[in-house]
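Structural overview for review
Spelled out, the chains give:
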Amino acid sequence: YRIASRKYADDYNEVKDFGGDDVTTPSLRTSDQTEVARFWVESSPLQWNRIARTVSESQALTPWENARLFGLLNVALTDGYIGSFEAKRHYNFWRPVTAIHEGDADGNPATAGDPAWTPLVPTPPITDHDSGHSTEGGAAAEVLRLFFRDDAIAFSICSFTLLPGSRCGESGAVFRSFASFSEAEAENGVSRILVGFHFRHAVTEGIKHGRHIGRRAVTQILKPER
């Protein structure tokens with residue numbers, strides 16, 4: 001993933017165009033994409049445990065099944081953060097907010113810089129690759145797919161990081177609905193581009209990384225008795 005490459009320029013221009021705050025920095029996001037961006041800002045463990053609880057109730061799991069499900073899920077989420085931070089330390093790749101500010105000096109003629117570019121939400125002070133949020137989503141979704149032996153389980157969830165009035169527990173709470181775990185996994189990942197936090201490469205690689213972690217958890221630990 002070389003900064004001088006066309007792939008990098010495409011990812012750079014995508015997050016530059018869609019990840020701005022639409023106040024200081026214009027954005028091409030639709031209103032639904034802005035909702036997606038804010039919806040998934042919430043802590044991954046909180047959001048994916050809420051998804052698991054919602055699906056657990058719809059599938060009428062027993063207490064023992066729930067114990068295994070939430071054990072696997074949270075082991076995978078913990079390993080996901082460990083794995084992602086290890087990758088971040090190894091690659092030490094800059095975030096879009098830094099890259100776009102310095103775009104005129106990066107040696108790629110297809111990346112015009114903008115020193116005033118501002119993301120929708122302030123960027124966390126950790127490196128880009130891979131996306132920890134996407135790794136978490138990949139790990140959680142893989143655990144859920146394998147545990148239920150099905151991807152196409154529909155569910156709806158709310159969020160605590162939407163604008164006031166739209167959050168969980170409020171009268172105007174917004175719920176987003178998904179037809180599968182993979183659909184939620186993908187939206188969780190793309191939200192990091194729309195909020196201005198990550199390049200697409202960090203998102204796609206993070207999801208793949210997380211899936212490996214989730215599969216390892218389900219196949220290696222807390223296996224049910226035969």
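Within each chain, residue numbers correspond to sequence positions counted from 1 in written order. Where local features are concerned, this predicted model is filtered to residues with pLDDT of at least 70; where side-chain atom pairs are given and counted, the filter is 80 or more; whole-chain, interface and lining totals use all residues. To obtain the side-chain values, all non-hydrogen atoms of the structure were used and water was disregarded.

**Some points on the nonpolar core**
Within soluble globular proteins, side chains that are nonpolar generally end up buried alongside one another. Definition of nonpolar core: a set of buried residues of the types Ala, Val, Leu, Ile, Met, Phe, Trp, Tyr and Cys, connected through side-chain atoms within 4.5 Å. Note on classification: 1.4 Å probe, protein chains only; a residue is buried when its accessible area is under 20% of the maximum for its type, exposed when over 50%, partly exposed between these limits. W40, W48, I51, L144, F148, F155 and F181 are the most contacted members of the largest nonpolar core, which totals 36 residues. Secondary structure elements with two or more residues in this core: α2 (31-39), α3 (44-58), α4 (63-91), α6 (132-148), β1 (155-157), α7 (181-194) and α8 (200-220). The element that contributes the greatest number of residues to this core is α6, accounting for seven residues. Setting aside chain neighbours within four positions, we find L144 in contact with W48, I51, A52, L69, D150 and F181. Only DSSP runs of H or I covering at least 4 residues are called helices, and only runs of E covering at least 2 are called strands; the numbering of each starts at the N terminus. By definition in these notes, contact holds between two residues if any of their heavy atoms fall within 4.5 Å.

**Section: unusual backbone geometry**
With an omega of -5°, the peptide bond between H129 and D130 qualifies as cis. For D130, the location among the structural elements is in the loop between α5 (96-101) and α6. We note that D22 has phi near 65°; this positive angle belongs to a residue other than glycine. Note on placement: D22 falls in the loop between α1 (6-18) and α2. The residue L222 is not glycine, and still its phi comes out positive at about 50°. Residue position: L222 is located in the segment after α8.

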